[in-house]
Amino acid sequence: GNSVTQMEGPVTLSEEAFLTINCTYTATGYPSLFWYVQYPGEGLQLLLKATKADDKGSNKGFEATYRKETTSFHLEKGSVQVSDSAVYFCALTLATGNQFYFGTGTSLTVIP
Amino acid sequence: GAVVSQHPSWVICKSGTSVKIECRSLDFQATTMFWYRQFPKQSLMLMATSNEGSKATYEQGVEKDKFLINHASLTLSTLTVTSAHPEDSSFYICSARFAGATDTQYFGPGTRLTVL
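Summary of the structure given here. Sequence order sets the numbering: in each chain, residues are counted from 1 along the sequence as written. Written order determines the labels here, with chains lettered from A and ligands numbered from 1. Local features are withheld for residues below a pLDDT of 70 in this predicted model, meaning they are given only at 70 or higher, and side-chain atom pairs are given and counted only at 80 or more; totals for whole chains, interfaces and linings count all residues. Calculation of side-chain values draws on the structure's entire complement of heavy atoms; hydrogens and water are dropped beforehand.

### Concerning the environment of A:Glu16
All names here are of chain A.
- Starting at the N terminus, helices and strands are each numbered in turn, a helix being any DSSP run of H or I of at least four residues and a strand any DSSP run of E of at least two. Here Glu-16 lies in the loop between β2 (11-14) and β3 (19-21).
- By relative accessible area, Glu-16 is classed as exposed at 60%.
- Setting aside chain neighbours within four positions, we find Glu-16 in contact with Gly-78, Ser-79, Val-80 and Gln-81. The rule is simple: take the accessible area with a 1.4 Å probe, protein chains only, and divide by the maximum for that residue type; under 20% is buried, over 50% is exposed, in between is partly exposed. We call two residues contacting when some pair of their heavy atoms lies within 4.5 Å.

Here is the structure:
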């Protein structure tokens, strides 16, 4: 089947620390991979995406590389800020379907 | 751009009553809207997919008579939880997609439903 597994939180980091949130997936076809971010009281916002193997998605200093050999799409940021505090969701969708498969979300808190 | 709103943001109701949740695309026409349910510390689970002007497609295990979905226009979809029970308490999130966008969905802020 199709599923996404991401590291459990919560994660607490100091400002300017390096961030990694692990995400692995299983898929029956060739998925597109996504990271969504949910700030308190708001909807999910697309952070970045990658549609094929070895693609790197990037936005706002965040990066993730589509690794087919390890079925992973880990989220990284070199220097986090307090404003990055949010819940991060890894997700996949298959080209032939509508459905998004989400991970459980990882809560990140960045302290000054 | 691509903003999706939901109303209400939270609702508390008595067991046995029905509750309607609205999902609106504010600045684009949403040919397809999706309804998700999220339990605490769990993933978003797709409940149903609705296309404007046609009946919704429900995921396996979702009771279509309990969760009524109507997508009457290109900017509005509604989810009605009929005869709500405490186990229906959850966070309901909608998303919308415009024509031609096969892998991008825009999400609403969610509605917290509590059934007493």
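### Regarding the state of the cysteines
- Pairs of cysteine sulfur atoms within 2.5 Å are identified as disulfides in what follows. According to the stated counting rule, one finds two disulfides over all chains in the structure shown.
- Across the disulfide from A:Cys23 sits A:Cys90; the S-S distance is 1.9 Å. In this structure, the disulfide formed by A:Cys23 and A:Cys90 twists by about -70° around the S-S bond and is classed as left-handed. Highlighted residues: A:Cys23 in strand β4 (residues 23-26) and A:Cys90 in strand β10 (residues 86-94), separated in sequence by 67 residues. Comparing A:Cys23 with A:Cys90, the two get one shared label, buried.
- Covalently, B:Cys23 is tied to B:Cys94 through a disulfide, its sulfur atoms 2.0 Å apart. For the disulfide bridge between B:Cys23 and B:Cys94, the dihedral angle about the S-S bond is near 80°, and by the sign convention the bridge is right-handed. Separated by 71 residues along the polypeptide, B:Cys23 in strand β3 (residues 19-25) and B:Cys94 in strand β9 (residues 90-97) bring together distant segments of the chain.
- Residue classification places B:Cys23 among the buried positions, given a relative accessible area of 0%.

### What about the interface of chain A and chain B?
- In this complex, chain A contributes 18 residues to the contact, which on the side of chain B involves 19 residues.
- Here the quantity called buried area is the total loss of accessible area, with a 1.4 Å probe, experienced by two parts when brought into contact, counted for both. Taken together, the two surfaces of chain A and chain B that pack against each other cover about 1,400 Å², and 51% of this comes from carbon and sulfur.
- By definition, a salt bridge exists where a carboxyl oxygen of Asp or Glu is found within 4 Å of a side-chain nitrogen of Lys or Arg. Taken together, the links from chain A to chain B amount to zero salt bridges.
- Among the elements of the structure, β5 (31-38), β6 (44-50), β10 and β11 (100-102) of chain A are those that each provide at least two residues to the side of chain A that touches chain B.
- In terms of residue count, the dominant contributor to the side of chain A that touches chain B is β5(A) (four residues).
- Of the residues in the side of chain A that touches chain B, the class split is six nonpolar, ten polar and two charged. Polar here means any residue other than Ala, Val, Leu, Ile, Met, Phe, Trp, Tyr, Cys and Pro, which are nonpolar, and Asp, Glu, Lys and Arg, which are charged; Gly is therefore polar.

### What about the side chain of A:Thr65?
- Checked against the element boundaries, A:Thr65 lands in strand β8 (residues 62-65).
- When near neighbours in sequence (up to four residues on either side) are disregarded, A:Thr65 contacts A:Asp54, A:Asp55, A:Lys56, A:Ser72, A:Phe73 and A:His74.

### Observations regarding the packing of aromatic side chains
- Centres within 6.5 Å make a pair out of two Phe, Tyr or Trp rings, where for Trp the six-membered ring is used; the pair is then stacked when the planes are under 30 degrees apart, edge-to-face when over 60, and tilted otherwise. Summed over the entire model, instances satisfying the criterion amount to 14 aromatic pairs over all chains.
- Ring centres of A:Tyr36 and A:Phe100 lie 6.0 Å apart, and the angle between their planes is 70°; on these two criteria the pair is classed as edge-to-face. Residue A:Tyr36 is located in strand β5, and its partner A:Phe100 is located in strand β11; the two are separated by 64 residues in the primary sequence. Of the two residues, A:Tyr36 and A:Phe100, neither departs from the other in class, the shared state being buried.
- Chaining the aromatic ring pairs together yields one cluster made of A:Phe34, A:Tyr36, A:Phe89, A:Phe100, A:Phe102, B:Tyr36 and B:Phe107.

### Some details on the environment of A:Asn59
All names here are of chain A.
- With respect to the element layout, Asn-59 can be found in strand β7 (residues 56-59).
- On the accessibility criterion, Asn-59 (28% relative accessible area) is partly exposed.
- For Asn-59 and Tyr-30, which are 29 residues apart along the polypeptide, the C-alpha to C-alpha distance reads 23 Å.
- Once you skip the residues sitting within four places of it in the chain, Asn-59 turns out to touch Leu-46, Leu-47 and Leu-48.
- In terms of polar contacts, Asn-59 uses its side chain to reach the backbone carbonyl oxygen of Leu-47, at 2.9 Å. A 3.5 Å cut-off defines polar contacts: any pair of N or O atoms within that distance qualifies, except that in protein one atom must be a possible hydrogen donor and the other a possible acceptor, and neighbouring residues in sequence count only when both atoms are side-chain atoms.

### Quick notes on the nonpolar core
- In this description, a nonpolar core means a group of buried Ala, Val, Leu, Ile, Met, Phe, Trp, Tyr and Cys residues linked to one another through side-chain atoms lying within 4.5 Å. Membership of the largest hydrophobic core comes to 26 residues, with the highest contact counts inside it found for A:Trp35, A:Leu47, A:Leu48, A:Phe73, A:Leu75 and A:Tyr88.
- Elements represented by at least two residues in this core include exactly β2, β3, β4, β5, β6, β8, β10 and β12 (106-111) of chain A.
- When residues in this core are grouped by element, the largest group, four residues, is from β10(A).
- Other than its neighbours up to four places away in sequence, A:Leu75 contacts A:Leu19, A:Thr20, A:Ile21, A:Trp35, A:Leu47, A:Leu48, A:Phe62, A:Glu63, A:Ala64 and A:Tyr88.
- B:Cys13, B:Cys23, B:Val81 and B:Leu113 belong to the second-largest nonpolar core, a separate cluster that totals 23 residues.

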